[in-house]
Amino acid sequence: MEQFNRNTYKKQSIFEEFYHSCLGKAIILAILALLLGIVAIMSVPNESIMMIETEDNVRQCLQDNDSIKGDVIDEIVWNIGRTFSQADSTLDNKEVLEACWKYNKIETYSHTFYSTARIRNNTHTEGVRVGFGIFGIVISTVYYSDLVMNLGPVRGKYNQRLIQDVVVPDEYIGDNPNIKPYHYQGNPDN
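Just so it is clear, the structure is predicted and the values come from calculations on it, not from any experiment.

What counts and what doesn't
- Sequence positions are assigned chain by chain, starting from 1 and proceeding in written order.
- Per-residue local features are limited, in this predicted model, to residues with pLDDT of at least 70; the limit for side-chain atom pairs, both in listing and counting, is 80 or more; totals at the level of whole chains, interfaces and linings are taken over all residues.
- Hydrogens and waters are ignored; side-chain quantities use all the structure's heavy atoms.
- Should DSSP find at least two bridges between two strands, the strands are regarded as paired.
- Segments assigned H or I by DSSP are reported as helices when at least four residues long, segments assigned E as strands when at least two residues long, and all are numbered from the N terminus.
- The angle between two axes is taken between their N-to-C directions and runs from 0 to 180 degrees, where each axis is a line fitted to C-alpha atoms and a helix contributes only its stretch in contact.
- In this description, a nonpolar core means a group of buried Ala, Val, Leu, Ile, Met, Phe, Trp, Tyr and Cys residues linked to one another through side-chain atoms lying within 4.5 Å.
- Accessible area is worked out with a 1.4 Å probe on protein chains only. A residue is then buried under 20% of its type maximum, exposed over 50%, and partly exposed in between.
- N or O atoms within 3.5 Å of each other form a polar contact, as long as, within protein, one can give a hydrogen and the other can take it, and as long as residues adjacent in sequence are counted only when both atoms are side-chain atoms.
- Note on contacts: a residue pair qualifies if any of its non-hydrogen atoms lie within 4.5 Å across the two residues.
- Here, expected helix span is obtained from the residue count minus one, scaled by 1.5 Å.
- An arc is given here, and it is the one of the directions from the helix axis to the C-beta atoms.

A.B. asks: Where do I start with the sheet that holds strand β2 (residues 115-120) in this structure?
C.D. replies: Judged by pairing direction, the sheet is antiparallel, and its 4 strands sit side by side in the order β1-β2-β3-β4 without closing on themselves. Across the chains shown, the open sheet's two edge strands, defined by having one partner strand only, are β1 (105-110) and β4 (137-140). When strand polarity is set aside, the average angle formed by the axes of neighbouring strands in this sheet is 25°.

Here's what the structure looks like:
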């Protein structure tokens, strides 16, 4: 058996003992979270930055939308690109932009650590989040399906029947075939 040698034992400093204790690690983690929170509070995008970046992201969404309207994976990939890029003003379609801003309204909300942007329209009356700002960056979350581009009546007159009478054409198109119900009676060869 080895003998304990008092000369080889090194006493830990107070910082090392504090760092290796469970309470010390919890306090260090709380201090880091506090510093991160202070940085987040100081770098929250203000209302004007949120509005400019969200409008830019919506313009990019309208420019890039040339594929299937319901493809969520493409929208997520495009949103990552929109976060770090600017819209090309030469690709703007003025009629589409006018229709977009006619039926959609952007609202920004400031929170303690972050800010959000929402689009309100007839489809989303409470608004749908299209932008998230934290640490000075506005992250795009806009989908083409969040935007209303035109409005039209959902239904005609109030008392209009949903199923209209069948209109028979004036020209002769032939007789209906004589269709009798077929009942399977088993295999006649057995």
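So much for the structure itself; the text now carries on.
A.B. asks: Help me out: how do you make sense of the nonpolar core in this one?
C.D. replies: A general feature of soluble globular proteins is that nonpolar side chains tend to end up buried together. Residues Val58, Leu62, Cys100, Ile119, Val130, Leu147 and Met149 are the most contacted members of the largest nonpolar core, which totals 17 residues. At the level of elements, α3 (47-64), α5 (94-103), β2 and β3 (128-134) are the ones that each hand at least two residues to this core. Top contributing element to this core by residue count: α3, with 4 residues.

A.B. asks: Explain the side chain of glutamate 107 here, please?
C.D. replies: Structurally, glutamate 107 is set in strand β1. Reaching out from glutamate 107, the side chain makes a polar contact with the side chain of arginine 120 at a distance of 2.7 Å. With residues up to four places along the chain from it excluded, the contact list for glutamate 107 reads Thr116, Ala117, Arg118 and Arg120.

A.B. asks: Just checking my understanding: could you explain helix α4 (residues 72-83) for this structure?
C.D. replies: The periodicity of an α-helix, 3.6 residues per turn, causes residues three or four places apart in sequence to face the same way. Between its first and last C-alpha atoms α4 spans 17 Å; for 12 residues at 1.5 Å apiece the expected length is 16 Å, and the two agree. Listing the buried residues of α4 in full gives Glu75, Asn79, Arg82 and Thr83. Viewed end-on, α4 has its buried residues packed into an arc of 95°, placing them on one side of the element. Among the exposed residues of α4, those oriented more than 90 degrees off its buried face are Ile73, Val77 and Ile80.

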